[in-house]
Amino acid sequence: MESFDWILQFLGRLHPLMVHFPIGLLVVALFMELLTLNGKRKGLREGIRWMVIIGAVSAILSTLFGWFLKSQDDYSGDLVDKHQYIGIATAVFSIAASILLQRTLQGKIKDFRLYRGVLMTTVILLTITGHLGANLTHGEDFLTGVLPGSDEGYDDSKGVALLAELKQVDSLDTAQQDRLNLEVRAIFAHNCYQCHSQNKQKGGLVLDSKEGVFAGGESGLSVVAGKPEESELFRRITLSPNHDEVMPKKGKVLKSSEIKLVEMWIKNGAHWSDQTLKVFPEAELALNMPSLPTSVQSHPIDKLVDSYFEEKGTEWPQEVNDHLFVRRAYLDIVGLLPSTQQIEKFVNDSDSNKREALIDSLLNDKHNYTQHWISFWNDLLRNDYSGTGFITGGRKQITDWLYNSLLTNKGYDQMVSELVNPSEASEGFIKGIEWRGVVNASQRTEMQAAQNIGQSLMGVNVKCASCHNSFVSNLTLEQSYGFASIFADSVLELNRCDKPLGRMAEVNFLYPELGEVEGESLEERLLNLAKVMVQPDNGRLYRTITNRIWQRLMGRGIIEPLDEMDNEPWNGDLLDWLAADFIESSYDLKHLIKRIMTSKTYQLRAAKYDRVEDLKADYVFTGPIVRRLSAEQFSDAVSQIVFPVYHTVEYDPSHAELKAQRVWHREVKFDRDVLPEPGKRYFRKTFSLSGGTISEATALLSVDHSYVIYVNSEKIASGNDWKRVGKYDVTQFLKPGKNVIAIEGENEGTIANPAGVLFSMKIKFETENEIQIDSDTTWKSSADIPKGEWTSIHFDDTSWNQVRNYGTANWGKLVNFNFNDENGEFARASLVKQHPFMKALGRPSRENVATTRDDNATLLQALELTNGEFFNGVLEEGAERWLKAYDKDSQKIVDNLYQQSFGRNPSEEESALLMGILGENASKEGLQDVFWSTLVLPEFQFIN
Amino acid sequence: MKENNTRREFIKKMSAASLAASATSIPLASFLSSCSKGPSSLPSTADTVILLWMAGGMAHTETFDPKAYVPYEKGVESKRVLSTFPKIPTVVDGLHFSKGLESIAGVMDKGAIIRSYKSADLGHILHTRHQYHWHTCYEPPQSVQAPHIGAWIAKELGPVNPVIPPFIAMGQRFTVGEAEELKAFHSAGFLGTEFGPFLIPDPAGGLDSVRPPKGMSLKRFEARYKLYKELANKSSFMQEGSDYQKESLMRSMEQSYRLLNSPEAKVFDLSEEPKEVYDTYNTGRFGLGCLLAKRLAQNGGRFISVSTEYEPFLGWDTHENGHTRAKKMKELIDRPIAQLVKDLDESGHLDRTLIILASEFSRDAILEGRPGEKVKDQVDQPDIIEDEKFYGMHRHFTDGSSILLWGGGIEKGLVYGKTADERPCSSIENPVVIDQVHQSIYHALGIHPETEYTIEGRPFYTTPDGHGKPILDLFGKPIA
């Protein structure tokens, strides 16, 4: 039996030799067959015949030998099976091809088509078999590995150099030993950690710790100091690539320089260095303090960019004209469009310093600056008016603190200090989001604080390392638990992937070199952390925010992604100079914004990048890029031009209190209060007036959905849009003694939905006394059509029930619900609760830190703009308003629309197109369509 | 004839457009890297999924897994109450349901039942946390936003019919209590809004979401788009040259125009159904949702969910009057679900449509949470019931519940797993967790079990760490 086995094994090993016959013969046969198409080159026929026959025979033999090889040499796996099956199929088809050819030549089959088809199939199968076979021998990525883009990007040149250097010396000193060990550990990290680390301990072997390396795994000691030949690890990495036991894995072996380094390391006693291995590149914490190059440019940024351009051989591009600049500046600082007058004034200004003057004046427009930039900070600090967690008290806003910090232009060091060592007003940031119940260890609120501070403020990813040692940075589980412990009442126990490890964390900031944070109490630790973090030595903190502001203003960061501040900047000097300048300015955010915006670099025309990839790895700066208006900017711009998109805010900077409550008929289902069903409801409020003659009485009313209001049986008005506050002079309808307000309200729709009456009336007496009647739960309501004069003071409403206060959650605070004379205000989108329209346009739900917004246009977004009831409703109301304002004069409308939207007049062609839709006398529908066509234009939706 | 032609052309263009879109859909600073496992190479048994969502915690002992019936009488002890309805037979031998589910009982020969689903142990119960977990397979909160299973499917497979959004969620409004928590999982998460749910709270108004704006004629709609296109082409901004951002914007507008202008929108129009059919389904919004789901499944929907709607203390969330409320809920779901199964079966679509009925957890008269893990009670349940409003399942039970499945390769007539017949009515045979449910759905659709994307530098799998395994028994393949 045994003697028989060796023959099989021998034949099996001939498989790699044999396979070349069918490959050569059948492919050439097919090629020649193609030459005979259309009856040409008939002389080739006999040769082809023999090639096909010998090809088929050798294919059968190859298959057979392959089968021997598999059974004798212990190959297995998916890839082997696939290779086998397709190989068998190839043999079968090749036989079929030769039989068909034979029969065709004998005239039994009419023409060559069938045979040719089969031969073609054979060659295709052959190619696949061959490719799979090559993968078996050389590894699965043998072919694709050399394609551009599949390089794993691991640079081994450092190792090669080290090897060459150490080969020169006879014995290694300690420093050299350290370097050798760290290099070997880097080789482990790149090639072995994937399976052999504390995260994943395949075969019981752990290579990311000293103990692990010397303890070995299930196959015994992996490293025997001084003796590579006895070290299992060395044996495994030096096996042939096809060997079942080869490491890192079958088909993939280490580079020869790497193997030599490992050998050298073991031979020299397998020294273990105390230094921590930095597998991933890490940016210096401190800023390098670049000096400005000499240049013809005067602005510091331009000086630095000038030498960058020189290096890249780039000519300075053109700057934008005044029209584009003024639009950019307004949108970037206050988030609003400039009005026609503001544009004209700026363009006609002959002051050579006018751009800087405009930047200054916009930065001084404190409320508008705040109401624009607060969206950036809300995204960054995960602060929102609504979201998960609030319902169970597991989350807190920092809006008031944030608004005031921006309004007063608080120093960034101070802001950070107040975020990590918070007062009650700013504690929401490190408090995190707590859902009811039990959560995963890596999502406890202390860990959220560590993750969010890491990501938002320091540009480092703590999330990975809060579950296990990070795969993407040098952070370890110990470090993140040490960091999170700062925020805990007591030191935390380490958990790996939600399993407790029985080890306690050691309190530490991520970068211990910055200073000690341990303290007696939570308060002390937070105080220490704040001090350690904001010191100028922590350049990383300031570099991170500088990079974010640069990205906001220029479209792409100096480092990308913004949260991975260990990545290479495209211009490190520029970033560090700006960060240092920011520190110098006493951490003045407005100074930083101004610094960037006054540079020629910011004022360049938008650079064009055809592909999104051009902005990624090999990015070369050639100017700012066009930026999409944010959801908030777009909404506000439409509010400015057409009609208020939003009428209510969630945060009111004026803090004016509203006494009126939004009430509706109490509706109950299964003894629970529920949303009101559609239909009419009737409301009454009776009250007595004494106090003399009334000099003036004004009523404010907003009803969702519609109303008719009566005062003492007199019909006053009706309305059908809760967002439009009705403002009525009711002086003449009131009288001393008993009075009644009666409102017939209707809830529209097909299913239960929010409804409510909001009413407020101010009555002034000649005595200067003033009283106010507000909607509240003393009002009464009925769901049945009342019998009799229900709007009259004489009506008996004792059988009616008291109304229910439906709260403000569904409506927010109406900006126009006040007795002032001003009207037509709109709610700044940044202060509005998350809304489906803004969500579609990319405003993130701030459940997690969101430091960039998706600026890619999506179908859902386009649908929202195209047929969304919300947006079309705004346009419809706007059309009514404009028709009135411009007395239906189409030409005037078109000119004004273009001036307000783009800061320019329409061209003749554009004007003609628009007039074609509008006609001489504009209709509401026509104008609505003109609005739509203008506002969805790229020219409107982008900051150019 | 002409219409047909346009449609074909349209679909051709749409797929070209979506291909192009997917090529550039990665935003500038997105951390999303490409998927490591290709979805297309695996065999599938289904193209479409319909999720019938019993929001609020449906008691298994009152519906699809009845236990001993204890009729109401004054003075009955709470601990004796296991089921408040008598059993009824189904068409499958030996399989019994609870009274009030006669229609669904009649179609069980076309489907299977899992009786051993175990919800996660998340401590003090919050419905929306369990719902988040059910729909995303991840326990909230997460350090990145986890995608809904519908979003994963939309991302991996795209639409069946290019003009029907691949992820449609029906029946849930977001103006109710816990709305923010509901929104948190009705989301594509880090996959990007492109794969998010197309929301239809009221199925009767579904058509409005896919037609030109209300009151706008087709002619006007077309003229409006033409005007926009011409203005865009004429504007100096566009003539300055294109870049990827401008192109992406123009393309998305074109896609939306084509979708809204497409004859396929009729699929969303329930008035196209004969009156008898409409009436059979119309038990309320849920029933009409089933009707629309049927139309969508027949015309190329990908993932469609129909919810009985979650509103705290309503629907299946019975904190009192459990018996009478369960009766009403059964009236709401029984007829339309059975009809949906029958109609899809008759039209031949059931073979490639996987229907799943599930709830976040079950309920019990006594136990809150699960045995052995005492969590905070949320309902006062007297030991002795003196008032009928205390008769029913009022506490949240996470240790056993039922999942029903039909079509899409599911073994017919299969009963998988078992719960105990005495309290606690926990899963005692083949317990099933959410990872297995998701992987079974992915298995049916041919989506690789280890599908993942790299977000913020780390891999994020469809089921945590890519460890979940499908239940092959459901597909008639016993686990080796």
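Rules used throughout
Residues numbered from 1 in each chain as written. Chains lettered and ligands numbered in written order. Predicted model: local features only at pLDDT ≥ 70, side-chain atom pairs only at ≥ 80, totals over all residues. Helix = DSSP H or I, 4+ residues; strand = E, 2+ residues; numbered from the N terminus. Rg over C-alpha atoms; globule rule 2.2 N^0.38 Å. Buried ≥ 20, exposed ≤ 12 C-beta atoms within 10 Å, placed from the backbone. Contact = placed C-beta atoms within 7 Å. Core = buried A, V, L, I, M, F, W, Y, C linked by C-beta atoms within 7 Å. Nonpolar A, V, L, I, M, F, W, Y, C, P; charged D, E, K, R; others polar. Pairing = 2+ DSSP bridges. Domains from an automatic or database assignment. Expected span 1.5 Å × (residues − 1). Axes fitted to C-alpha atoms, helices over the stretch in contact; angles between N-to-C directions. pLDDT = per-residue confidence, 0-100. Parallel < 35°, antiparallel > 145°, perpendicular 65-115°, else oblique.

Student: Just checking my understanding: could you explain the overall build of chain B for this structure?
Tutor: If you tally the helices and strands in chain B, you get 12 helices and 20 strands. The C-alpha radius of gyration of chain B comes to 24 Å, within 12% of the 23 Å expected for a compact globule of 480 residues. For chain B, the spread of C-alpha atoms along the three principal axes comes to 80 × 55 × 45 Å. Per-residue burial for chain B yields a buried fraction of 55% across its 480 residues. Long-range contacts, defined as pairs at least 24 residues apart, comprise 76% of the intrachain contacts of chain B with a sequence gap of at least 6.

Student: Looking at this structure, I do not really get the overall build of chain A. What am I missing?
Tutor: On a plain count of helices and strands, chain A comes out with 33 helices and 20 strands. Compactness check: chain A gives a C-alpha radius of gyration of 38 Å against a globular reference of 30 Å for 944 residues, more than 25% above the reference. Across the 944 residues of chain A, 42% fall into the buried class. Of all intrachain contacts in chain A linking residues separated by at least 6 positions in sequence, the fraction that spans at least 24 positions is 67%.

Student: What's the story with the nonpolar core in this structure? I'm lost.
Tutor: Looking at soluble globular proteins, one finds that nonpolar side chains tend to be buried together. Of all hydrophobic cores here, the largest spans 279 residues; its most connected members are Ile356 and Leu405 of chain B. Counting 22 residues, the second-largest nonpolar core is a separate cluster that includes Phe188, Met247, Leu254 and Ile266 of chain A.

Student: Whenever I open this one, the interface of chain A and chain B confuses me. Can you help?
Tutor: When the parts of a complex come together, some accessible area is lost, and that lost area is often used as the size of the interface. Each side of the interface is counted separately: chain A has 77 residues, and chain B has 72 residues. Contributions of two or more residues to the side of chain A that touches chain B are made by α28 (859–867), α29 (869–885), α31 (908–918), α32 (924–935) and α33 (938–941) of chain A. With 7 residues, the top contributor of residues to the side of chain A that touches chain B is α28 of chain A. Along the lines of polarity and charge, the residues of the side of chain A that touches chain B split into 33 nonpolar, 25 polar and 19 charged.

Student: How should I be thinking about the pairing of strand β11 (residues 714–719) of chain A in this particular structure?
Tutor: Side-chain direction in a regular strand flips from residue to residue, so the side chains alternate between the two faces of the sheet. Residue and element names in this part refer to chain A. Looking at chain direction, strand β10 (residues 706–711) and β11 are connected through 5 bridges and run antiparallel. Note on β11: the bridge partner recorded for valine 708 is serine 718. The turn linking β10 back onto β11 is made up of 2 residues, and asparagine 712 within it adopts a positive phi angle of 45°.

Student: Just to check I follow, could you spell out the domain arrangement of chain A for this structure?
Tutor: The domain architecture assigned to chain A consists of domain 1 (2–146), domain 2 (172–267), domain 3 (629–644 + 827–944) and domain 4 (663–814). Using only C-alpha atoms to locate each centre, domain 1 of chain A and domain 2 of chain A end up separated by 41 Å.

Student: In this structure, what is going on with the pairing of strand β5 (residues 111–117) of chain B? I would like to understand it.
Tutor: All names here are of chain B. Where burial is concerned, most of β5 is hidden: 7 out of the 7 residues are buried. Pairing of β5 with strand β15 (residues 401–406), which is carried by 5 bridges, proceeds in the antiparallel orientation. By the bridge assignment for β15, alanine 112 is matched with leucine 405.

Student: When you look at the environment of leucine 445 of chain B in this model, what are you seeing that I'm missing?
Tutor: Residue and element names in this part refer to chain B. Along the chain, leucine 445 falls in helix α12 (residues 434–445). Of the residues examined, leucine 445 has 24 C-beta atoms within 10 Å and is grouped as buried. Not counting chain neighbours up to four residues away, the residues in contact with leucine 445 comprise Ser44, Ala46, Ile153 and Leu157.

Student: Looking at this structure, I do not really get helix α3 (residues 20–35) of chain A. What am I missing?
Tutor: An α-helical segment advances 3.6 residues per turn. Residues three or four places apart therefore align on the same side. The end-to-end C-alpha separation of α3 of chain A is 23 Å, in line with the 22 Å expected for 16 residues at 1.5 Å each. Within α3 of chain A, burial applies to Pro22, Ile23, Leu25, Leu26, Ala29, Leu30 and Glu33 of chain A.

Student: It is not clear to me how the sheet that holds strand β16 (residues 415–416) of chain B should be interpreted in this structure. Could you clarify?
Tutor: Note on sheets: strands pair through backbone hydrogen bonds, and any given pair is parallel or antiparallel. Residues and elements named next belong to chain B. Pairing is mixed in the open sheet, where 8 strands are placed in the order β7-β6-β8-β1-β9-β15-β5-β16. Strands with a single pairing partner mark the edges of an open sheet, and in this sheet they are β7 (198–200) and β16. As defined by bridge partners, strand β6 (residues 167–170) adjoins β7 across 3 bridges and the pair is classed as parallel. The residue bridging methionine 170 from the neighbouring strand is isoleucine 200, located in β7. Its contacts with the sheet put helix α4 (residues 149–157) on β1 (48–53), β6 and β8 (303–307), and the angle it makes with β6 is roughly 155°.

Student: Explanation requested: the sheet that holds strand β13 (residues 737–747) of chain A in the structure shown.
Tutor: Residues and elements named next belong to chain A. Overall, antiparallel pairing links the 6 strands, which are arranged β11-β10-β13-β8-β16-β17 in an open sheet. The open sheet is flanked by β11 and β17 (801–802), the only strands paired with a single partner. The sheet contact formed by β10 and β13 spans 6 bridges and is antiparallel. Among the inter-strand pairings, serine 706 is bridged to a residue of β13, identified as glutamate 746.

Student: So what exactly am I meant to see when it comes to unusual backbone geometry here?
Tutor: Residue glutamate 560 of chain A is joined to proline 561 of chain A through a cis peptide bond whose omega torsion reads -15°. Turning to its location among the elements, proline 561 of chain A is positioned in the loop between α23 (539–554) and α24 (572–584). The phi torsion at aspartate 498 of chain A lies on the positive side, around 70°, for a residue other than glycine. Structurally, aspartate 498 of chain A can be placed in the loop between β1 (493–496) and β2 (499–504). Residue aspartate 498 of chain A is classed as partly exposed on the basis of its C-beta count, with 13 C-beta atoms lying within 10 Å. Even without a glycine there, the phi angle at glutamate 178 of chain B is positive, about 60°. Tracing the backbone shows glutamate 178 of chain B in the loop between β6 and α5 (179–185).

Student: Help me out: how do you make sense of the confidence of the model for chain B in this one?
Tutor: Any segment with low pLDDT has predicted coordinates that should not be analysed in fine detail. All names here are of chain B. Per-chain confidence: chain B averages 89 in pLDDT, with 91% of residues scoring 70 or above. Here residues 1–39 is a poorly scored stretch, pLDDT under 50, and it has 57 contacts once near neighbours within four places are set aside; other chains count. The complex model carries a pTM of 0.80, and its ipTM stands at 0.87.

Student: So what exactly am I meant to see when it comes to the packing of α31 of chain A against α32 of chain A here?
Tutor: Relative placement of two packed helices is described by the angle separating their axes and the distance separating the axes. All names here are of chain A. Two elements in contact, α31 and α32, have axes whose closest approach is 8 Å; the angle formed by their N-to-C orientations is 150°. Of the residues in α32, those touching α31 at Leu914, Ile917 and Leu918 are Gly926, Leu927, Asp929 and Val930. A class-by-class count of the residues in the contact of α31 with α32 yields 5 nonpolar, 1 polar and 1 charged.

Student: In this structure, what is going on with the packing of α31 of chain A against helix α6 (residues 218–234) of chain B? I would like to understand it.
Tutor: The interhelical angle for the contact between α31 of chain A and α6 of chain B, taken along N-to-C directions, is 175°, at an axis separation of 10 Å. One element, α31 of chain A, and the other, α6 of chain B, form an angle in the roughly antiparallel class. Taken together, the residues of α6 of chain B that come into contact with α31 of chain A (itself represented by Glu909, Glu910, Leu913 and Ile917 of chain A) are Ala223, Leu227, Glu230, Leu231 and Lys234 of chain B. By residue class, the composition of the contact of α31 of chain A with α6 of chain B is 5 nonpolar, no polar and 4 charged.

Student: I'm lost on helix α20 (residues 445–458) of chain A in this one. Help?
Tutor: All names here are of chain A. The end-to-end C-alpha distance of α20, which contains 14 residues, comes to 18 Å, matching closely the 20 Å that a straight helix rising 1.5 Å per residue would cover. Looking only at α20, the buried set comprises Met447, Gln448, Ala449, Ala450, Gln451, Asn452, Ile453, Gly454, Gln455, Ser456, Leu457 and Met458. Those residues of α20 hidden inside the fold are in contact with α16 (366–381), α18 (412–420), α19 (428–431), α21 (477–485) and α23. The first or second residue beyond α20 is glycine 459, which carries a positive phi of 60°.

Student: Is there a simple way to think about the environment of leucine 344 of chain B in this case?
Tutor: All names here are of chain B. As for its placement among the helices and strands, leucine 344 is situated in helix α11 (residues 322–346). In this structure the C-alpha to C-alpha distance between leucine 344 and valine 107, which are 237 residues apart in sequence, comes to 12 Å. Each residue touching leucine 344, except ones within four places of it in the same chain, is listed here: Lys294, Ala297, His349, Leu350, Thr353 and Gly407.

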